[in-house]
Amino acid sequence: THTHTHARTHTHTPHHTQNTVVVRFKTTKTKPFNTMSTSSSGPPFSPPSTSLLNDPAQAMSWSGSIPSELHLSPYDVADLSPPAPVHIMLPRVGYLHPCAEEAVEEFRKYSLQTSSPSVWFSGPSRSPLRFDLPVGVLFDLSCICRGCTRASSTPSQLPLKLHVHFSSYPEGLAAYAGGEAPKRMYCHQLKQGLFLEHGNARVGMRITRPMTDGLWSAAVKGDFETYKAVNDGIVADVEVGTVVKEEDGRTEEQKRVDVVREGILREKWEREKGEEEDDEKGRKKRDIVNVPVRVIDAGSEDQRVIQLPVKGSEGWTLGNVIEAFLGVPDASQVCRVVNGLYSVPDEASIAELWRACQSADHWLYVVTLNKEETER
């Protein structure tokens, strides 16, 4: 057990077998704690720009894509022979429907259901895939369910083979209404994550439509530089005293609104002023109220997604989270994948993992499977 040290984890990004990512996570000693109550293809791989060197791990995770091979479901083929498969690169942080939109429209020409909006995807095991989870999470689920518990075993799972369906929408799968459905779900999850992260809804309420469009477009394209620019604009501090001006032609109603807004900003600024600290590299890092983390139990029948509040100040580790969320006595008996990383130790700080591996919706996804399940 590493205590108050840096644990070096050599990890592998499954979608780029030639690249090795070195991530250092702060670790803390595991200690007892109170559990909680209650479309086309994406861009090819390119190194992060120099402007992103202050977020190297997150920038690297955003730069990855999954080589994928899409087929039209044989049950939807209208001709005697199926169309040729479509090969695309799907960004790990993207979502299936918008990222594969052009392939879907191409397959629609050969389908019996040419006007059906209820498009759905199935994975290598032919089980339906959720449209509200990032592509990278879906790939991690696919790998771990097929016995891949080490980074060295993931190349055999590539390309990721998917089937596109236009009929027989599965029961139990969240209804897909077409068009903006994935984007609406993303926005909902983003605001959930921001609420937990900051402990209130104020940051989420600052998101404008252009900001939403910018974040969504960046996620679909795997464009971390654009995402970071928009995201930083949402969570950045606002200088108090710059909202209300003297004589600027505003109506009395506008002035009253601005006074209220200035009071909210002043309260926020005074609260957060003492919450910032310099990390070991001299960068500013804001403490978070809760860590937005979701654990996916790949061994359950419906691959349930579990989310519970994790206080950012309580020193939770990955092992703590796995044991509390899954109700298991020993996290070491559970295989886990965190954003394509297979060798993350139990002692890794969950807050540091979140900072490095969070998805575009501000959630950290941990895919798990009990080791007994992998031996079957």
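Now for a quick tour of the structure. Throughout this description, residue numbers start from 1 for each chain and increase along the sequence as written. Whole-chain, interface and lining totals are the exception, using all residues; otherwise, since this is a predicted model, local features are given only for residues with pLDDT of at least 70 and side-chain atom pairs are given and counted only at 80 or more. Excluding hydrogens and water, the side-chain values take into account all heavy atoms of the structure.

## Considering the side chain of Ser 122
- Strands here mean DSSP runs of E at least two residues long; helices mean DSSP runs of H or I at least four residues long; both are numbered from the N terminus. Note on placement: Ser 122 falls in strand β5 (residues 120–122).
- We call two N or O atoms a polar contact when they sit within 3.5 Å, provided that within protein one can donate a hydrogen and the other can accept it, with sequence-adjacent residues counted only if both atoms are side-chain atoms. A polar atom in the side chain of Ser 122 sits 2.8 Å from the side chain of His 165.

## Details of the packing of helix α5 (residues 181–198) against helix α7 (residues 209–221)
- Here an angle of 0 to 180 degrees is reported between the N-to-C directions of two axes, which are lines fitted to C-alpha atoms, with helices fitted over the stretch in contact. The contact between α5 and α7 brings their axes to 11 Å, and the two run at 105 degrees. The orientation of α5 relative to α7 falls into the category roughly perpendicular. Residues Pro 182, Lys 183, Tyr 186, Cys 187 and Leu 190 of α5 form the contact with α7, whose participating residues are Arg 209, Thr 212, Asp 213, Leu 215 and Trp 216.
- Each residue gets one label: Ala, Val, Leu, Ile, Met, Phe, Trp, Tyr, Cys and Pro are nonpolar, Asp, Glu, Lys and Arg are charged, and the others, such as Gly, are polar. By residue class, the composition of the contact of α5 with α7 is six nonpolar, one polar and three charged. Orientation labels follow simple angle bins: below 35 degrees gives roughly parallel, above 145 gives roughly antiparallel, 65 to 115 gives roughly perpendicular, and whatever is left gives oblique. Note on contacts: a residue pair is in contact if any heavy atoms of the two residues lie within 4.5 Å.

## Quick word on the pairing of strand β9 (residues 293–297)
- Burial here depends on accessible area, computed with a 1.4 Å probe over protein chains only, as a share of the maximum for the residue type. Under 20% is buried, over 50% is exposed, and the range in between is partly exposed. Burial within β9 is extensive, with five of its five residues counted as buried.
- Burial of the side chains of β9 extends over both faces: Val 293, Val 295 and Asp 297 are buried on one face and Arg 294 and Ile 296 on the other.
- Sheet topology places β9 next to strand β12 (residues 364–370); five bridges connect them, and they run parallel. Considered in β12, the bridge of Arg 294 is made with Tyr 365.
- Both β9 and strand β10 (residues 305–307) contribute to a ladder of three bridges, which runs antiparallel. Bridged to Ile 296 within β10 is Val 305. For two strands to pair, DSSP has to find at least two bridges joining them.

## Here we look at the sheet that holds strand β4 (residues 86–91)
- With mixed pairing, the four strands of this open sheet are ordered in space as β4-β3-β6-β5. Of all the strands in the sheet, just β4 and β5 have a single pairing partner and so form its edges. When the angles between neighbouring strand axes are averaged without regard to direction, this sheet yields 40 degrees.

## Considerations on the packing of α7 against helix α8 (residues 224–235)
- Packing of α7 against α8 leaves a shortest axis separation of 8 Å and a crossing angle of 145 degrees. In the packing of α7 onto α8, the handedness of the crossing is left-handed. Facing Met 211, Gly 214, Leu 215 and Ala 218 of α7, the residues of α8 in contact are Thr 226, Tyr 227, Val 230, Asn 231, Gly 233 and Ile 234.
- Grouping the amino acids of the contact of α7 with α8 by side-chain chemistry returns six nonpolar, four polar and no charged. Here is the rule for handedness: rotate from the far helix to the near one, and if that takes an anticlockwise turn smaller than a right angle the crossing is left-handed, while a clockwise turn gives right-handed.

## Notes on the pairing of strand β3 (residues 65–72)
- β3 sits mainly inside the fold: six of its eight residues count as buried.
- Strand direction decides the pairing type here: β3 and β4, joined by six bridges, are antiparallel. When the sheet's bridge partners are listed, Ser 68 is paired in β4 with Ile 88.
- As paired elements, β3 and strand β6 (residues 160–165) share five bridges and run parallel to each other. Across the sheet, the residue bridging to Ser 68 is Leu 160, located in β6.

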